[in-house]
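Below, each chain spelled out in residue letters.
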Amino acid sequence: MSDSVPARIIDGKAFASGLVDRVAAAAERLRGKTGVRPGLAAVIVGDDPASRIYVKSKGERAEAAGFHSETVRLPEETTQAELLAVVERLNGDRAIHGILVQLPLPPQIGADAVLAAIDPDKDVDGFHVVNAGRLATGGRGLVPCTPLGCLMLLKHELGDLSGLEAVVVGRSNIVGKPMVQLLLGESCTVTVAHSRTRDLPEVCRRADILVAAVGRPEMVRGDWIKPGATVIDVGINRVPSKEPARAAEGKTRVVGDVAFDEAAAVAGAITPVPGGVGPMTIAVLLANTYAAACAAAGVEAEPLDA
Ligand code: GUN
């Protein structure tokens, strides 16, 4: 499309940075008013390098926002009973308002049992079935960080979403399903597509809002996108470097689930990878922890939307 206007790039990094600032300021006011300092505990089992980086970063960001932060590092051979005992202790710790158990867990531990053991009011990942149920029934609860971050970016970009056609590609419990519920809550007409969907490109071409959360590098092509649509790319995929010499050295780069250059030529707005949805996840985790601390203190959380 030679006469196309290039898509606006949705700057998730800048939005996340503003959100963290607002959370930190609101947390400071909460502390002044009630003496309650939001506290976040992150639990990691084993030595998965990516998980270690995430958890370290969560702890650092929580402290930078003025939160109390605790990181529990457990060895790879930890039993389910031992992990459940840690969760129980954190459930009962009044200084902790948010508990996050980093996934994946080693094979001897059942993630479902561990997530079910977290106090739903401290479940800042929003993974507990009680929070999934609250979200599905329109109740108040803690919402998974990544889809909530996507919704914030969409509302910032588009304002009222009511009546828009939204297509979510991916049906995971962590992103796809809660994203569907959030968009329904905004009165979008929502289609959830997945690996068995017939004629996926045609389904995607209906979307005013297209959310890609499948974990397949650059699967969504430019001709799958309705001109002017808003595209939210949740994918974080490592692929070999573009330069053959660097690829041969094992160097990688990160791409999304959307073929960015093609999509940006058609879309109205699009999140880049990196720098789009990724930075939102920890920012929303802090927002959720602030909200959980407000609930524990018996005060209304301040609105944090930009
Ligand atoms: N592993 C990858 N992403 C996440 C996340 O958002 N929360 C937790 N607990 N584990 C993860």
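This report concerns the structure included in the present document. Here, residues in each chain are numbered from 1, in the same order as that chain's written sequence. Residue-level local features of this predicted model are given only where pLDDT is at least 70; pairs of side-chain atoms are given and counted only at 80 or more, and the full residue set underlies all totals for whole chains, interfaces and linings. Working from all heavy atoms in the structure, the side-chain values ignore hydrogens and water.

### Topic: the site of the ligand
Step number 1: The nearness test applies per residue and asks whether one of its heavy atoms lies within 4 Å of the molecule or strand. The local shell around the ligand consists of L100, V101, Q102, L103, D125 and F127.
Step number 2: Within the contact set of the ligand, a nitrogen atom lies 2.9 Å away from a backbone nitrogen or oxygen of V101.
Step number 3: Here a nitrogen atom of the ligand and a side-chain polar atom of D125 are 2.6 Å apart.
Step number 4: Looking at side-chain class alone, the shell around the ligand contains 4 nonpolar, 1 polar and 1 charged residues. Any pair of N or O atoms that falls within 3.5 Å is considered a polar contact. Within protein, one atom must be able to donate a hydrogen and the other to accept it, and sequence-neighbouring residues count only if both atoms are side-chain atoms. Only Asp, Glu, Lys and Arg are considered charged in this grouping, and only Ala, Val, Leu, Ile, Met, Phe, Trp, Tyr, Cys and Pro are considered nonpolar; every other residue, Gly among them, is considered polar.

### A few points about the environment of G235
Step number 1: If you trace the backbone, G235 turns up in the loop between β8 (230-233) and β9 (237-240).
Step number 2: Remark: exposure states derive from per-residue accessible area (1.4 Å probe, protein chains only) relative to the maximum for the residue type, with buried under 20%, exposed over 50%, and partly exposed in between. Exposure remark for G235: the relative accessible area of 5% places this residue in the buried category.
Step number 3: Spatially, the C-alpha atoms of G235 and P120 are 27 Å apart, while their sequence positions differ by 115 residues.
Step number 4: Working rule for contacts: check all heavy atoms of both residues, and any pair within 4.5 Å makes them a contact. If we ignore the near neighbours within four places in the chain, the residues touching G235 are A212, V255, G256, D257 and V273. Counting from the N terminus, the helices are DSSP H or I runs at least four residues long and the strands are E runs at least two residues long.

### Thoughts on a negative patch on the surface
Step number 1: Exposure above 30% relative accessible area and the absence of a salt bridge qualify a residue for a patch, where like charges join within 9 Å and nonpolar side chains (Val, Leu, Ile, Met, Phe, Trp, Tyr) within 5 Å. Surface accessibility in these figures is a Shrake-Rupley result with a 1.4 Å probe; residues are shielded only by whichever protein chains are displayed. For this document, the term salt bridge refers to a Lys or Arg side-chain nitrogen within 4 Å of an Asp or Glu carboxyl oxygen. Here the positive residues are Lys and Arg and the negative ones are Asp and Glu; neither His nor the chain ends is included. Every charge is mapped to an atom, namely NZ of Lys, CZ of Arg, CG of Asp or CD of Glu. A surface patch of like charges, here negative, comprises D48, E76, E77 and E82.
Step number 2: Tracing the chain through its elements places E76 in the loop between β3 (68-74) and α3 (80-91).
Step number 3: The class for E76 is partly exposed, based on a relative accessible area of 40%.

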